[in-house]
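If you want the building blocks of each chain, they are given just below.
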Amino acid sequence: MRQTWVTPGGVHPPENKLQSLTQPIGSLPIPEKLVVPLGQHIGAPAIACVSVGDKVLKGQKIADPAGTVSAAIHAPTSGIISAIESRPVAHSSGMAALCVEITSDGDDKWIEKLGISDFEHTSASALLSIITDAGIAGMGGAGFPTAVKLNPGFQRPIDTLIINATECEPYITADDSLIRERAEEIIEGIRILSHILGNPHNILIGIEDNKPEAIEALAPHTQDTGINVVSFPTKYPSGGEKQLIYILTGKELPSGQIPADIGMVCVNIGTTHAIKRAVVDGEPLVSRVTTMTGEACEINRNYDVLIGTPVEHMLEHNNFDAQSCSRVIMGGPMMGFSLTSKQIPIVKTTNCILAPSVEEIPHNEAAQPCIRCGMCAEACPVSLLPQQLLWYSQAEDHERLEAHNLFDCIECGACSYVCPSNIPLVQHYRSSKSDIKKAQEEKVKSTQARERFEFRKQRIELAEKEREAKRAARREAAKQAQASTGTDAMADIVAAAQARAAAKTTSPEQELAKLQRAVSSAEMRVEKAQVKLDSALENAEPTEKINILSAALSGAQQKLEKAKVRLAEHSN
Ligand code: SF4
Ligand code: SF4
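Residues numbered from 1 in each chain as written. Chains lettered and ligands numbered in written order. Predicted model: local features only at pLDDT ≥ 70, side-chain atom pairs only at ≥ 80, totals over all residues. Heavy atoms only, no water.

Trainee: Explain the site of ligand 1 to me, please; I cannot follow it from the model alone.
Mentor: Neighbouring residues of ligand 1: C370, I371, R372, C373, G374, C376, Q387, C419, P420, S421 and I423. In terms of residue class, the shell around ligand 1 is built from seven nonpolar, three polar and one charged. (Near = heavy atom within 4 Å. Nonpolar A, V, L, I, M, F, W, Y, C, P; charged D, E, K, R; others polar.)

Trainee: Got a minute to help me understand the sheet that holds strand β1 (residues 26–27) in this structure?
Mentor: Two pairing modes exist for strands in a sheet, parallel and antiparallel, and in both the strands are linked by backbone hydrogen bonds. Read across the sheet, six strands follow the order β1-β14-β13-β17-β15-β16 without closing on themselves; strand pairing throughout is mixed. In this open sheet, the two strands that pair with only one neighbour each are β1 and β16 (337–338). As defined by bridge partners, strand β13 (residues 287–293) adjoins strand β17 (residues 352–354) across three bridges and the pair is classed as parallel. Bridge pairing links M292 to I353 in β17. Of the strands in this sheet, β13 and β14 (301–306) touch helix α3 (residues 174–196), which is tilted by about 120° from β13. (Pairing = 2+ DSSP bridges. Helix = DSSP H or I, 4+ residues; strand = E, 2+ residues; numbered from the N terminus. Contact = heavy atoms within 4.5 Å. Axes fitted to C-alpha atoms, helices over the stretch in contact; angles between N-to-C directions.)

Trainee: What is the right way to read the packing of aromatic side chains from this model?
Mentor: Where two aromatic rings form a pair, the distance of their centres and the angle of their planes describe that pair. According to the stated counting rule, one finds zero aromatic pairs in the structure shown. Over the face of the ring belonging to W110 we find K113, whose NZ or CZ atom lies 4.4 Å from the ring centre. (Phe/Tyr/Trp six-rings, centres within 6.5 Å; stacked < 30°, edge-to-face > 60°. Lys NZ or Arg CZ within 6 Å of the ring centre and 35° of its normal.)

Trainee: Can you walk me through the packing of helix α1 (residues 124–133) against α3 in this structure?
Mentor: Axes are the key here: two packed helices are described by the angle between their axes and the distance separating the axes. Between α1 and α3, whose axes approach to 9 Å, the crossing angle comes to 130°. Between α1 and α3, the crossing angle belongs to the class labelled oblique. Crossing handedness for the pair α1 and α3: left-handed. Between α1 and α3, the contacting residues are A124, L127, L128 and I131 on the first element and I192, H195 and I196 on the second. Along the lines of polarity and charge, the residues of the contact of α1 with α3 split into six nonpolar, one polar and no charged. (Parallel < 35°, antiparallel > 145°, perpendicular 65-115°, else oblique. Left-handed = near helix turned anticlockwise from the far one by under 90°.)

Trainee: Could you clarify how one ought to interpret the site of ligand 2 in this entry?
Mentor: Looking at ligand 2, there are 13 residues lining it, with C380, C409, C412, G413 and C415 nearest. When the residues that make up the shell around ligand 2 are grouped by side-chain class, the tally is 11 nonpolar, one polar and one charged.

Structure representation (structure tokens):
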């Protein structure tokens, strides 16, 4: 029997698993409308690639990944896209986010499925591409895009592949039932993973010893495969990556590092099943096994549920009694969160819908002041100091929270579970983590904005300098042009004057004709003046007028004489 290690802390709450394991995995009628959120994974929400009114087939891609850390989304059934809008989604805050609503046509008609029968002869990159296209993200709760996890981006060899079949949280039996019924497919999925990772030396399936039927189901399929099923004592929580790595290998994952940093990859067992379906059967991730349990439902069992199925649909088909229910929880009693709306849909990470009666899980009692009992610190599997984290959280002291490793908290709820003062410790930690992340994002944004501003300022200054240099160059060029233009202009003036002078120079014949015309014209003016004077004398015009006309005749006669003299001079 393989050695295992014991993690610190932990609790042993009532398991309450048997009630949902009395029947095999079932299926539900297809809901009339499925609401498929575009953000079901860690990373950027996918981007819708369909429009309202489009007809889609089951398995058809309806949203593309938005970048590397993102995941594609596919239609869980055939029908018509009836809305793309914000709806309440699975989140502890009750927030709304963009969803694609599909109105089912009832046919549940698949796209053409293109599986690969010989994955051993397919390259790792081609298999990763299939996993990416199938929209597979961690189904154990975190929802990290699986292809990214399997391809951490550096050349460190992976020597250990850990399959997480712990399912340590009370009530939840989705993985247990999946292993019992589909062990062969799961092992095939593990072989695909092993092939992608270059056949790691160790392949370990970690499973708690409260699942003997599942362990038994795995046994025949793991014989002579090099895959080891490692069972260990049941304790909550054992399913966190850090905890499971330590339990199975005795190695501690340093704070801030990922398993690949120490040569390991950890994958949820439900995810391995989805990988097999994607690679071998050509089916993208459109459904998952989810536990429906709690005393407020008459039927407790596991279902293969279409992603996007409203929780209300599940409750209705399990004879839900709203009167007796204390609250509807998505997830388990330790790490789950109360739903603000029963319209919230099942997503890729939904492993359980818990509808407990008031007797089973009473309404939250009012929190009392901390009595410093230290029980929370004893229960913490990460050896944190929950009580101090609480103080710093209440004081919004982000610096101290980070210094006390708040981000190592796996939000297991063990501290809240043991707290005699009923303090909702995990809620405080979640809220503080969210605040710190927001503050960090703001800081990054403001740094980027400042850098952009500085860059723009420099760019403008540089452009202004360039413009000024060009202006100076133009001024200099103009000055030089002006200087040379001045000389040219003078030359032009002289040339023009010479041209005019040349133009004025006429031939002797022309000059003679001109003088002759001047004599003729003067003679005519003398005659006219004589006629006017004679007329005035005959008509005994006033003396003044006769004087004027006499003067005009005299002037005309003088001009005639001058013209005659010039003509005579020219003729000589
Ligand atoms: S368990 Fe509760 S009461 Fe006790 S120290 Fe922790 S927070 Fe305080
Ligand atoms: S919720 Fe966080 S602080 Fe509390 S026990 Fe779990 S890991 Fe420790």
